[in-house]
Amino acid sequence: EGSAAGVPFHPASWSAGRPDPEFTQILRLLEEVAELESSVTKVESNSQGEIRWIVQDQYAEGAGGAPEDFWPLLRRVARVLARFPDRSIRWEGHADSSELGGDTPKLWQVSIDRAVWLDEFMKKEWKALGAVRRRKAEIAAMGSSRPLSAENGRWARARNRRVELIVLPLQR
């Protein structure tokens, strides 16, 4: 780790062998938002240049949309993303293997419902902000294929009912 011009160096802040000046800025801004609700959100980055903003513990079993009391935090994320209209993003919806009776097709459906709901929510927010995204968001349903917790307790299962925002590396 090092720094240049006062900006901390992050190994993933390079994309396709070139500096990605937005990476550190987006990471910092999403970390600031996550700190507001650190019990249910977290931010991770990886060496492939992806930033993941994870929202867990917010979805009732079988529910596709986030509860209304969580919308102010989502609006903050919308404002961050509005500053980077050329950045590719992906919404991933996830399900807990025990919700909906463990019915696999229903788990895939609720996970896509979560991702689509978030995409529609963000589009409304960006429109209200007057922001224009030049890249469409990708939407992915993960069903229960990538649990955060393999435990079977109530809180562990709630962690698996989530959405993830993935800010993708710059495409050159």
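Residues numbered from 1 in each chain as written. Predicted model: local features only at pLDDT ≥ 70, side-chain atom pairs only at ≥ 80, totals over all residues. Heavy atoms only, no water.

1. Focus on the sheet that holds strand 5 (residues 41–45)
- Read across the open sheet, the five strands follow the order 5-6-9-7-8; overall the sheet is mixed. On the outer flanks of this sheet lie strand 5 and strand 8 (138–141), each paired with one strand and no other. Strand after strand, the sheet turns through a mean of 20° between neighbouring axes, direction not considered.
- Examined bridge by bridge, strand 7 (residues 89–94) and strand 8 share four bridges and lie parallel to one another. Across the sheet, Gly93 pairs through a bridge with Ala141, a residue of strand 8.
- Where helix 1 (residues 21–36) meets the sheet, its contacts fall on strand 5, strand 6 (51–55) and strand 9 (162–167), and the angle it forms with strand 5 comes to roughly 160°. (Pairing = 2+ DSSP bridges. Helix = DSSP H or I, 4+ residues; strand = E, 2+ residues; numbered from the N terminus. Axes fitted to C-alpha atoms, helices over the stretch in contact; angles between N-to-C directions. Contact = heavy atoms within 4.5 Å.)

2. Quick look at the side chain of Arg114
- By the secondary structure assignment, Arg114 is in helix 3 (residues 104–129).
- Separated by 3.4 Å, the side chain of Arg114 and the backbone oxygen of Ala60 make a polar contact. (Polar contact = N/O pair within 3.5 Å; in protein donor to acceptor, adjacent residues only side chain to side chain.)

3. Structural notes on the environment of Glu32
- As for its placement among the helices and strands, Glu32 is situated in helix 1.
- Glu32 sits in the partly exposed class, given a relative accessible area of 40%.
- Along the sequence, Glu32 and Arg76 sit 44 residues apart, while their C-alpha atoms lie 9.9 Å from each other. (Buried < 20%, exposed > 50% of the residue type's maximum accessible area, 1.4 Å probe, protein only.)

4. Describing the nonpolar core
- Within the largest apolar cluster, 32 residues are counted, with the highest numbers of intra-cluster contacts made by Leu30, Trp53, Trp91, Met122 and Leu165.
- Of all elements in the fold, only helix 1, strand 6, helix 2 (71–82), strand 7, helix 3 and strand 9 reach the threshold of two or more residues within this core.
- When near neighbours in sequence (up to four residues on either side) are disregarded, Trp53 contacts Leu30, Val33, Ala34, Thr41, Lys42, Val43, Leu73, Leu74, Val77, Val163, Glu164 and Leu165. (Core = buried A, V, L, I, M, F, W, Y, C linked by side-chain atoms within 4.5 Å.)

5. A look at the pairing of strand 7
- Judged by how many residues are buried, strand 7 sits mostly within the fold: six of six residues are covered.
- Side-chain alternation along strand 7 places Ile89, Trp91 and Gly93 on one buried face and Arg90, Glu92 and His94 on a second face that is also buried.
- As paired strands, strand 7 and strand 9 are joined by six bridges and run antiparallel to one another. Bridged to Arg90 within strand 9 is Ile166.
- Between the parallel pair strand 7 and strand 8, the chain is carried across by helix 3, and the sense of this crossover is right-handed. (Right-handed = clockwise from strand over helix to strand, strands pointing away.)

6. Points about the pattern of salt bridges
- Scanning the model with the defined rule gives 16 salt bridges in all.
- A salt bridge links Arg75 to Glu125; its shortest N-O distance comes to 3.2 Å. On the criterion of sequence distance, the pair formed by Arg75 in helix 2 and Glu125 in helix 3 is long-range, its members being 50 residues apart.
- Across the salt bridge formed by Arg146 and Glu164, the nearest N and O atoms sit 3.8 Å from each other. Of this pair, Arg146 sits in the loop between strand 8 and helix 4 (154–160) while Glu164 sits in strand 9, placing them 18 residues apart in sequence. (Salt bridge = Lys/Arg side-chain N within 4 Å of Asp/Glu carboxyl O.)

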